[in-house]
Amino acid sequence: PLNKDLTLNKMGHMLITARTGCGKTQLALAISAELSCFGNTILYFLDPKHSDLSSFGRFLGADRYADGTEEIDAKLHEVVELMQNRYKVMRQLADKNPEKYVGKSAEDFGFKSIVVVFDEISAHLSASKNCLADLRQLTMLGRQAGVYLMLIMQDPRSTNNLPATIKDQTEIKIALGEFSGTLASLVFGSGVVLPAGSRGVGEGYIQVNGNEPELFESPLMPPNSYD
């Protein structure tokens, strides 16, 4: 569930963008909490700005959290290696028992989902482009191995810093706050028409699998929810 009205049929790569104070990090934390409740998801937090995700990432442990430039690049590469190892195991099992495993996803092989929550990715790309090859691998090959990216950006114009080969592979795009036609095209694609509606804090639009954007209201995080 993304809120009381919207439930995703399956996980996918996500892009969340909003100006400061519109609730993008709160939304990312709410989704992370929801995924954690299922007990079948391994979370990674990457936070180059050492801000909100940074404090919560420490609870995950050093093996699943990074906030330095080199550390983030190294952590992404670790996830790529995990993905490649999964594919190796999946191929071996499929070769031994094709009737059971051919065409199946990572979940069918008993793997937990891996979700990498990457806050302010544009800030990291401004400092280092070393992770682009790994990001491309994860967006292109991650789904079947159960590996997903949640990419978070402060300014919609920052999507210009994110290669189209990566941005276009995100099945779920969420934009919070006020948006003009120009900014909407950067996130959802050229020629998109946004529906009229309230666009305050925690409110905006969601696009799933290339469909027309719909009005979206992110879940409310109660003041004591971090306890």
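Residues numbered from 1 in each chain as written. Predicted model: local features only at pLDDT ≥ 70, side-chain atom pairs only at ≥ 80, totals over all residues. Heavy atoms only, no water.

K.L.:
Would you explain the environment of V102 in this entry?
P.N.:
Within the secondary structure, V102 is located in the loop between α4 (98-101) and β4 (113-118). Given the relative accessible area of 54%, V102 is considered exposed. It is 22 Å that separates the C-alpha atoms of V102 and N9, two residues lying 93 residues apart in sequence. (Helix = DSSP H or I, 4+ residues; strand = E, 2+ residues; numbered from the N terminus. Buried < 20%, exposed > 50% of the residue type's maximum accessible area, 1.4 Å probe, protein only.)

K.L.:
Is there a simple way to think about the packing of aromatic side chains in this case?
P.N.:
The relative placement of two aromatic rings is captured by the distance of their centres and the angle of their planes. Counted by the stated rule, this structure contains one aromatic pair. Aromatic side chains Y101 and F109 sit 4.6 Å apart centroid to centroid with 15 degrees between the ring planes, which places their arrangement in the stacked category. Comparing Y101 with F109 shows no difference in burial state: the two are buried. (Phe/Tyr/Trp six-rings, centres within 6.5 Å; stacked < 30°, edge-to-face > 60°.)

K.L.:
Any chance you could explain the pattern of salt bridges here in plain terms?
P.N.:
If charged atoms from side chains of opposite charge come close, those side chains can pair. In this structure the tally under the stated criterion is four salt bridges. A salt bridge links K4 to D5; the nearest nitrogen and oxygen atoms lie 3.3 Å apart. For the residue pair K4 and D5, the accessibility class agrees, reading exposed in each case. Put simply, E78 and K75 hold a salt bridge, and the shortest N to O gap is 3.3 Å. Of the two residues, E78 and K75 are both situated in helix α3 (residues 69-96); the distance of three residues between them amounts to about one turn of the helix. (Salt bridge = Lys/Arg side-chain N within 4 Å of Asp/Glu carboxyl O.)

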